[in-house]
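# Inside the fold
In case you want the letters, here they are:
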Amino acid sequence: MMSSAAPFQSPSTVVGRTKERAFLHEAFVQANAGHGQVVLVGGEAGIGKTTLVRDLLQDAGTAHSICLASQCYDLSTTPPYGPWLDLFASTPAIADGPQAPAAFAGGSLGAITDQARLYAEVREFVTEAAASHTVVIILEDLHWADPASLELLRYLAPRIGSLRVLLLLTYRDDEITRSNPFYQQLPQILRESGGLRLDLRPLTGGELTDLVRARWRLPAQQEEILVRYLSGHAEGNPFFATELLRALDDEGIVRSWAEGAAPAEIDRLVMPSLVQQVIDYRIDKLGSEARDRLAIASVIGQDVPLELWARVASLTESELLETVEAAVDSHVLEAGRSGTRVMFVHALTRAALYEGIFPPKRRVVHCQIADALIEARSQNPDAIAYHLVQAGDSRAPDWLITAGDAAQRSYAWLSAGDRFEQAAALLEASGGSEQTRGWLLYRLARLQRYRGGRRAIEALAEAERIGQRTSDPLLETDARYSLGIFQLFSGDFGQGIANMMGGIERMETELDLTMIGSNERIPWMADSLPSIDRRSLLASDGGIDVLRRAGMHHRRGGIPMFLAQAGRFREADAIARQFLEATADTPALGNWVVSAKGHCHLGAAIARVHVGDPAGAREHFEAGRLLYASLDHHAVMAFSMLCELRESVIPFSTRDVELRRRLGREASQALSRAAGSFPEGLSPERAMLVVHFLDGSWDEAQAIANDIPTHGTVILRREVVLTVAAIARAQGRVADARAALAQALPLGQATVPGTTLFSESTDVMIIAADLAIDQRSLVEARGWLETLDRWIAWSGATLGQAESQLRWARWYRAEGNDAQAIELAHSAIELARNPDQPLVHIGANRLLGEIAAGAGNTGDARVLLETSLDLAATCQIPYLEALAHASLSLLMAQIDDNERARMHYELAMPIVERLDLTVPRQQLAAVDARLAAPHSTSASGLTPRELEVLKLVSLGMTDAAIGDALFISSRTASQHLRSIFGKLGVSTRAAATRYAVEHGLA
């Protein structure tokens, strides 16, 4: 029995998707109960993502939820935060509810002076809204989202777990390529939020049958014909299948069967461009006039403001409404709630209309749309620029620059760089101003300096060449200077400093030509941070005038920071001192000199730290950050905090646990505020890596370190390299530790001082030496320690000398020369007294205690080990506490103080298990062996010490590991093993192990 021949309607319920609907329903139930959920729905175009989401909205509607939705669009250039602007613009009024964030109010992007504050405002809005309702937030087609929007999403997604919020995200999985910003963010969003990922697959044959039955009740033969038709041409895509059924209904084919026509296979609509044909067929039924009007709407975008459509198409209100009503009835458009805009039902519908326009006519329409937006004073320069680009209009570069300016001030630097690059390409293609193109390349490259990659290097090189060709010394020299900065942030200090200094020297030999003299160029050379407006950039800068009279260019202030990071501490301090003295009493400093003075303070601070003046360094760190704060220069503020944390607070103020945690948090917040200038997906929590390492939050540290494979800047790479290598070494994963260290020093011991980040390189040398000593690769370890000493001497640093002496003490102990090891450990302690370096004291006292224990000086050993433990506990470093507890446990077991041995064992073991520590686990195994060993010679003639060694052999430990566990040298361990072999009459470790097992000794 067939249904009546009513107009075709899409099924009111979702066909198939039983599992996916169940998952979504459960997610909504959980969100409604206060357990926020994140669900990502992926699949190809037309696979049913939006239908599935709308099905859930019926549940949300009956539960009186607040539903906020937005979409990203492909054919128009989305501005920074585009989907969030759309979402808040469509937010329904909530009685006594929260206000939309100020930057997103009114549907256009307002001033963003602090990204972290913006993120917090979004979170506050969601939190307040969820206090009285369940909030469903839908962001569709995220494969087209801009990087700034994705960073905000990544911030919000992990923070809804305790809220009544369901965050639904849709994307096309076939659109996700490596160049797509969402490619990097998707796994991070899933991991950090614990989200659910639903990948929609094509409908099965049975589900296509259900789709047919949702519309008609047919005899088996006719039903099979329809399902076979859909299977052959829809390829399981619900949108395609629905459109095919709609076309069949329009053709009256099924109705003809009801009227007695013989059922036959359907081939009328089978053509290569099947979907295009289906859509064209439906649109053509509206008439040519309506099609032309809808074509203009398709050029405007997926979301079509009615006022703009009417203006561009020259439609009266009645003509517009007539077209809209017909298109809605034909399932081409759907009306928005506000009544001021309409949307195409599917991106494929819009694309079919758009591609059907004769290209020359399409260009004209794009131009008309741009003119209408300009005339209406649109606040969306991205849309204007997009339409002008598509129109081939000569105004496109100027509007792309305007859009880039706006994006840059929002810290959406990737979007800004894209706009500048596009403008430069248009100028090159059209033969426009080459000088302007050079400055655009310069700008986009500077925006890439915290991201890495070849793109910026090539752009700066071309900008320098253009500066030469166009006789623009300011462009030429600043491009060379900026190339140096980019290379320095990328870790190439040798070439970077050479280029930076070369640019500065050229500027200072041609001061009059290279001073900023053009009002047009001033904003282009600045970082255009949120707090810097054009007026402040153009204001007179007394500092520049003072420096000019002294023969200095203001760019010279940028070099001390990098000289200090390269280990050239004396040079850094001298230049910083000269620059700061020259501008000390100058009133009305402008942004240029303020920024340069900040860099001078940071360079001086790093230099003071490494020559052993942490108090003086702190003054410079604080002075520099005050200057950076006045400019909203959050990225460099973060770098300053990380340098202070890693190079000053950790070695000198280790006891001040709250200080290191506060600095880590503040650095993380600063990175978050400048997130748009870093690679997509890079976690601001990288700033917390060293804090997590010391605090023993190693799983969290590993997850952060693995966020993305790129680092953006050498400062952030250092945090990953040193943390990953230190954890891997502590856990006995030697290959992983070496691989991490190789990222920083690929040339190893052949690396030339001054060509890399000094602090990272010397710390890498220390870890590499420790690794080699652990493995008894003493030749390699000596090489690393000699390299470390050579670098320290070259730099004139005092920081690092005590650490070096401590590693030499470990080296001599591994070689079996305890006397030399003791002398060097005491030397390390002496060097670490003023200023105090607690980490050196912890390590040196533990080493001396273990040497004393091995020599039988148990009283001295206990005092030394307890000193190490007490200091590690004061500094709240669980890893070092575990090492001291394990050594004390073994010491107590050796003197038969089993109660204290067991106490230290029980204090150490939870840390050892949680952090998966190798060396203390071996020591605690030795404690087990000692406590289990009889106190007299065994039947086999083995002494208690030999019984300990036998048990450790049965655990698979090497001679070196046994030596470390028992406070003896590996050579002594080998001697004990030979004695065991002789007494047991065996010749292999395997045979000795079998004996231990058979006699209950293992």
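Reference entry: report on the structure contained in this document. (Residues numbered from 1 in each chain as written. Predicted model: local features only at pLDDT ≥ 70, side-chain atom pairs only at ≥ 80, totals over all residues. Heavy atoms only, no water.)

Check the secondary structure of the protein and you find 50 helices and eight strands. In terms of overall dimensions, the protein has a C-alpha envelope of 105 × 85 × 50 Å along the principal axes. Counting every position in the protein, which comprises 1002 residues, the buried fraction comes to 59%. When contacts within the protein are restricted to residue pairs at least 6 apart in sequence, those whose partners lie at least 24 apart make up 70%. (Helix = DSSP H or I, 4+ residues; strand = E, 2+ residues; numbered from the N terminus. Buried < 20%, exposed > 50% of the residue type's maximum accessible area, 1.4 Å probe, protein only. Contact = heavy atoms within 4.5 Å.)

The next thing to look at is the sheet that holds strand β6 (residues 303–305). Across the sheet, three strands lie side by side as β6-β8-β7; this open sheet has antiparallel pairing. What marks the edges here is a single partner per strand, and that holds for β6 and β7 (333–335). When strand polarity is set aside, the average angle formed by the axes of neighbouring strands in this sheet is 30°. Sheet topology places β6 next to strand β8 (residues 341–344); three bridges connect them, and they run antiparallel. Its bridge partner being in β8, V304 is matched across the sheet by V342. Strands in contact with helix α13 (residues 306–313) are β6, β7 and β8; relative to β6, the strand with the most contacts, it is inclined by about 70°. (Pairing = 2+ DSSP bridges. Axes fitted to C-alpha atoms, helices over the stretch in contact; angles between N-to-C directions.)

The subject of this paragraph is the sheet that holds strand β1 (residues 37–42). Ordered by their spatial adjacency, five strands build an open sheet running β2-β3-β4-β1-β5, and the pairing between neighbours is parallel. Every interior strand has two partners, whereas the edge strands, β2 (66–71) and β5 (196–199), have only one. The mean inter-strand angle of the sheet, taken between neighbouring strand axes irrespective of direction, is 15°. Pairing of β2 with strand β3 (residues 135–140) involves six bridges; the strand directions are parallel. If you follow I66 over to β3, its bridge partner there is V135.

Here the focus is the packing of aromatic side chains. Considering all chains together, one arrives at 21 aromatic pairs under this definition. Ring pairing ties together the aromatic residues W413, Y450, F489, F562, F639 and F678, which thus form one cluster. Directly above the ring of Y905 sits R902, whose terminal nitrogen or CZ lies 4.9 Å from the centroid. (Phe/Tyr/Trp six-rings, centres within 6.5 Å; stacked < 30°, edge-to-face > 60°. Lys NZ or Arg CZ within 6 Å of the ring centre and 35° of its normal.)

Of all the positions in helix α7 (residues 205–213), only E207, L208, T209, L211 and V212 are classed as buried. Tucked into the core, α7 has its buried residues touching α8 (220–233) and α9 (238–251).

Turning our eyes to something else, we now look at helix α6 (residues 181–193). The terminal C-alpha atoms of α6 lie 18 Å apart, and with 13 residues this matches the ideal 18 Å at 1.5 Å per residue to within 8%. Its buried side turned inward, α6 meets β1, α5 (147–156), β4 (165–171) and β5. One or two positions beyond α6, positive phi appears at G194, with a value near 65°. (Expected span 1.5 Å × (residues − 1).)

Turning our attention to the nonpolar core. The nonpolar side chains of a soluble globular protein tend to be buried with one another. In this structure, W84, F104, L142 and W309 are the most contacted members of the largest nonpolar core, which totals 284 residues. For W309, the contacting residues outside a window of four places in its chain are R293, L294, I296, A297, I300, V304, L315, L320, T323, V324, L333 and V342. Residues L203, V212, L245 and I253 belong to the second largest nonpolar core, which totals 22 residues. (Core = buried A, V, L, I, M, F, W, Y, C linked by side-chain atoms within 4.5 Å.)

Moving on, we get to the environment of E622. One can find E622 in helix α31 (residues 614–630). Each C-alpha atom of the pair E622 and P305 lies 51 Å from the other, and the pair is 317 residues apart in sequence.

So yeah, pure geometry; function would need other evidence.
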